[in-house]
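# Overview (structure and organization)
Here are the chains, one letter per residue:
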Amino acid sequence: VQLVESGGGLVQPGGSLRLSCAASGFTFSRYIMTWYRQAPGKERELVARITSFGGSINYADSVKGRFTISRDNAKNTVDLQMNSLKPEDTAMYYCAAAYSSRIPTDAKEYDYWGQGIQVTVSS
């Protein structure tokens, strides 16, 4: 099983980045996919979540209207389009997968995690 994030980096405030997570080794379409982030000294935060066929999408209040999560079950990928980035979006971003028997209520319920990718928003 692998989840591999890509697309991170350094961007100026107001800029955009698109993160992608490529999954392998499990039946992707049966899993809820979520992007989490964790900044230094802060707790891990759910950023965006999408159910197995995209029927339900949820965002953290802090990113609503700026971030968009999407998935392609044919390509086994889940993306996070991040617009109007702010310095407070700076964090390590992680892709996570949970078998979709029910929507997870805690990060501990996720079955698989990527290694994370750094996003830094700074001028």
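Below you will find a few notes about this structure.

Rules of the game
Residues numbered from 1 in each chain as written. Predicted model: local features only at pLDDT ≥ 70, side-chain atom pairs only at ≥ 80, totals over all residues. Heavy atoms only, no water. Salt bridge = Lys/Arg side-chain N within 4 Å of Asp/Glu carboxyl O. Buried < 20%, exposed > 50% of the residue type's maximum accessible area, 1.4 Å probe, protein only. Pairing = 2+ DSSP bridges. Helix = DSSP H or I, 4+ residues; strand = E, 2+ residues; numbered from the N terminus. Axes fitted to C-alpha atoms, helices over the stretch in contact; angles between N-to-C directions. Disulfide = S-S within 2.5 Å. Polar contact = N/O pair within 3.5 Å; in protein donor to acceptor, adjacent residues only side chain to side chain.

## Remarks on the pattern of salt bridges
- Within this structure, the stated rule accounts for six salt bridges.
- Residue Arg37 pairs with Glu45 through a salt bridge whose shortest N-O separation is 2.8 Å.
- Looking at Arg37, the relative accessible area reads 6%, which means it is buried.
- Residue Glu45 is classed as partly exposed on the basis of its relative accessible area of 28%.

## Here's the deal with the sheet that holds strand β3 (residues 17-24)
- Overall, antiparallel pairing links the four strands, which are arranged β1-β3-β8-β7 in an open sheet. Strand pairing shows two members of the sheet lacking a second neighbour, β1 (2-6) and β7 (67-72), which therefore form its edges. Geometrically, the sheet is characterised by an average inter-axis angle of 15 degrees between neighbouring strands, direction not taken into account.
- The sheet contact formed by β1 and β3 spans five bridges and is antiparallel. The partner of Ser6 across the bridge, within β3, is Ser20.

## Thoughts on the state of the cysteines
- Under the criterion given, the structure shown has one disulfide.
- Covalent S-S linkage joins Cys21 and Cys95, the inter-sulfur distance amounting to 2.1 Å. Measuring the twist about the S-S bond at about -80 degrees, one finds the Cys21-Cys95 disulfide to be left-handed. You can see Cys21 sitting in strand β3 and its partner Cys95 sitting in strand β9 (residues 91-99), a full 74 residues away along the chain. Per residue, the accessibility class of Cys21 equals that of Cys95, and both read buried.

## Points about the side chain of Glu5
- For Glu5, the position within the fold is in strand β1.
- A distance of 2.9 Å separates a polar side-chain atom of Glu5 from the backbone nitrogen of Cys95.
- Here Gly116 takes part through its backbone nitrogen, which lies 3.0 Å from a polar atom of the side chain of Glu5.

## With respect to the environment of Ser6
- Take Ser6: it is sitting in strand β1.
- Residue Ser6 is classed as partly exposed on the basis of its relative accessible area of 36%.
- On a C-alpha basis, the gap between Ser6 and Ser56 in space is 24 Å, while along the polypeptide they are 50 residues apart.

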